[in-house]
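# Structural overview for review
Letter by letter, the chains look like this.
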Amino acid sequence: MTPQRDAEHPTRRRRRRRLAVSAAIIVGVALVVSAVFALTPWPSAMIVRAVFEKNGAETVAEMQRYVPDTPLRTELGVSYGDAQDGAGADDTTLDLFTTADEGERRPVVIWIHGGAWVSGSSANVDPYLRILASHGYTAIGLNYSLGPEQVYPTAVRQINDALTYVDAHADDLSVDPDRIVLAGDSAGAQLASQVAALTTDSEYADLLDLTPALSARQIVGVVLNCGIYDLRSMDDLNGLIGWGFSSSLWAYTGTKDWSVESAGATMSTIDFAASGFPPTYISGGNGDGLTWLQGIPMAQRLRQLDVDVTTLFWPADHTPALPHEYQFHLDRPEAQQALAETVTFLAKVAPLTVE
């Protein structure tokens, strides 16, 4: 028996060496990956983008079932500006949906899509815009450059350029330039609130070094769903959600220290909204932490400024808990209620007929 045990010893040693080498390789790879994630936002941003793209495709399919068969004039991928600073040609495009003939002016809802500033496109909200267009509005979805390919405030400038284009081509787009509603979801709500704020407060526009495309009177309302308005509070998030937002904001702002630098400060529209801010509809689900951290405080701040605010929030114990961007999950009765209340708000601030 002794010779057999002696013969097995080298085998065990080789196995132990192989395991040790494998463990060392795994540790080395982990260290390299960790270093890469610490040095650049790209890997994390691509993970966030992939998750949002998957969820976005599923949500579009759900909304599509509720798009009525109302005949619409549809124009997709309309260029609203020249791609500059390395931005892609598709970054500065818009999608248009309307029942109006060319030259006929209608109140317009200009929607800025979400996606944590690093993902998404107008296609993610096109079904929702088709629904709004079926109610008689011209509905426009905007594309803009995402992080980390482009960094803040590129998207803000592009959206301002888009408003310049819409204003200048009102007849072609069937838009009444004096009845514009800015709307957005998630990161798009932050952008919509930012553009509304800079349009209605010249000091804020100067701080951003932007000349507003519109006058304050042209924006008659704002629709904000599940948005972010106080960037400092986002720095306190932890866990997977905190990691996702921190990674996205690093990618979008171009700085890992976004919360203490100018980007985080100037993106916080809760600090820059002024008394001239347009009438606002704001909503969020009770199962979405952003509702409690962002949506409700923003509504309270706007009311302090005597802004006309319409809210749709749900009790904390509402069942089922409504997730982030619940408004697009039209299989839910709560989403149908949100859609109905959005249309009611539009009718109040931008009636289809002017007496």
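Structure first, text after, so check above.
Residues numbered from 1 in each chain as written. Predicted model: local features only at pLDDT ≥ 70, side-chain atom pairs only at ≥ 80, totals over all residues. Heavy atoms only, no water.

### Quick notes on the environment of Leu330
In this fold, Leu330 is placed in the loop between β8 (309–312) and α12 (333–349). Judged by relative accessible area, Leu330 falls into the buried class, the value being 1%. When the C-alpha atoms of Leu330 and Gln64 are compared, they prove to be 9.2 Å apart, with 266 residues separating the residues in sequence. If we ignore the near neighbours within four places in the chain, the residues touching Leu330 are Glu62, Met63, Tyr66, Tyr128, Ile131, Ala335, Gln336 and Leu339. (Helix = DSSP H or I, 4+ residues; strand = E, 2+ residues; numbered from the N terminus. Buried < 20%, exposed > 50% of the residue type's maximum accessible area, 1.4 Å probe, protein only. Contact = heavy atoms within 4.5 Å.)

### Quick word on the packing of helix α4 (residues 154–168) against helix α6 (residues 187–200)
Between α4 and α6, the least distance of the axes is 10 Å, while the angle of their chain directions is 65 degrees. Here α4 is positioned roughly perpendicular relative to α6, judged by the angle of their axes. The interaxial crossing formed by α4 with α6 has right-handed handedness. Residue-level contacts link Ala155, Val156, Ile159, Asn160 and Leu163 of α4 to Leu191, Gln194, Val195 and Leu198 of α6. (Axes fitted to C-alpha atoms, helices over the stretch in contact; angles between N-to-C directions. Parallel < 35°, antiparallel > 145°, perpendicular 65-115°, else oblique. Left-handed = near helix turned anticlockwise from the far one by under 90°.)

### Thoughts on the pairing of strand β7 (residues 280–283)
The alternating pattern of β7 places Thr280 and Ile282 on one face and Tyr281 and Ser283 on the opposite face, and all of these are buried. Pairing of strand β6 (residues 219–225) with β7, which is carried by 4 bridges, proceeds in the parallel orientation. For Val223, the partnering residue across the bridge sits in β7 and is Tyr281. (Pairing = 2+ DSSP bridges.)

### Observations concerning the sheet that holds strand β5 (residues 175–185)
Sheet strands pair by backbone hydrogen bonding; their relative direction is either parallel or antiparallel. Strands sit in the order β1-β2-β4-β3-β5-β6-β7-β8 across an open sheet of 8 strands; the sheet is mixed. Two strands lie at the open edges of the sheet, namely β1 (73–79) and β8, each paired on one side alone. Each adjacent strand pair in this sheet contributes to an overall mean axis angle of 15 degrees, direction not counted. Bridge count for β5 against β6 is 6 bridges, and the pairing is parallel. When the bridges of β6 are listed, Leu182 appears paired with Val222. In this fold helix α11 (residues 289–304) packs onto β7 and β8, with an angle of close to 160 degrees to the strand it touches most, β8.

### Remarks on a positive patch on the surface
On the surface, a cluster of positive charge is contributed by Arg13, Arg14, Arg15, Arg16 and Arg17. Structurally, the position occupied by Arg13 is in helix α1 (residues 2–39). (Patch = residues over 30% accessible without salt bridge, like charges linked within 9 Å, V, L, I, M, F, W, Y side chains within 5 Å. Areas by Shrake-Rupley, 256 points an atom, 1.4 Å probe, with all protein chains shown as cover. Salt bridge = Lys/Arg side-chain N within 4 Å of Asp/Glu carboxyl O. Lys, Arg positive; Asp, Glu negative; His and termini not counted. Charge placed at Lys NZ, Arg CZ, Asp CG, Glu CD.)

### Thoughts on the packing of helix α2 (residues 42–64) against helix α9 (residues 239–253)
Packing of α2 against α9 leaves a shortest axis separation of 9 Å and a crossing angle of 115 degrees. Here α2 and α9 pass one another in a crossing that is left-handed. On the side of α2, the interface is formed by Ser44, Ala45, Ile47 and Val48, while α9 contributes Trp243, Gly244, Ser247, Ser248 and Ala251. Considered class by class, the residues forming the contact of α2 with α9 number 5 nonpolar, 4 polar and no charged. (Nonpolar A, V, L, I, M, F, W, Y, C, P; charged D, E, K, R; others polar.)

### Section: the pattern of salt bridges
With the rule as written, the count across this model stands at 11 salt bridges. Close ionic contact of Arg106 with Glu104 constitutes a salt bridge, the shortest N to O distance being 3.0 Å. For Arg106, a relative accessible area of 16% puts it in the buried group. According to the relative accessible area criterion, Glu104 is partly exposed, its value standing at 33%. Its salt-bridge partner being Asp308, residue Lys348 comes within 3.5 Å of it at the nearest N-O pair. Of this pair, Lys348 sits in helix α12 while Asp308 sits in the loop between α11 and β8, placing them 40 residues apart in sequence. On the basis of relative accessibility, which here comes to 46%, the residue Lys348 falls in the partly exposed class. It is possible to trace a salt-bridge network through shared partners that takes in Asp230, Arg232 and Asp271.

These figures capture arrangement, not role.
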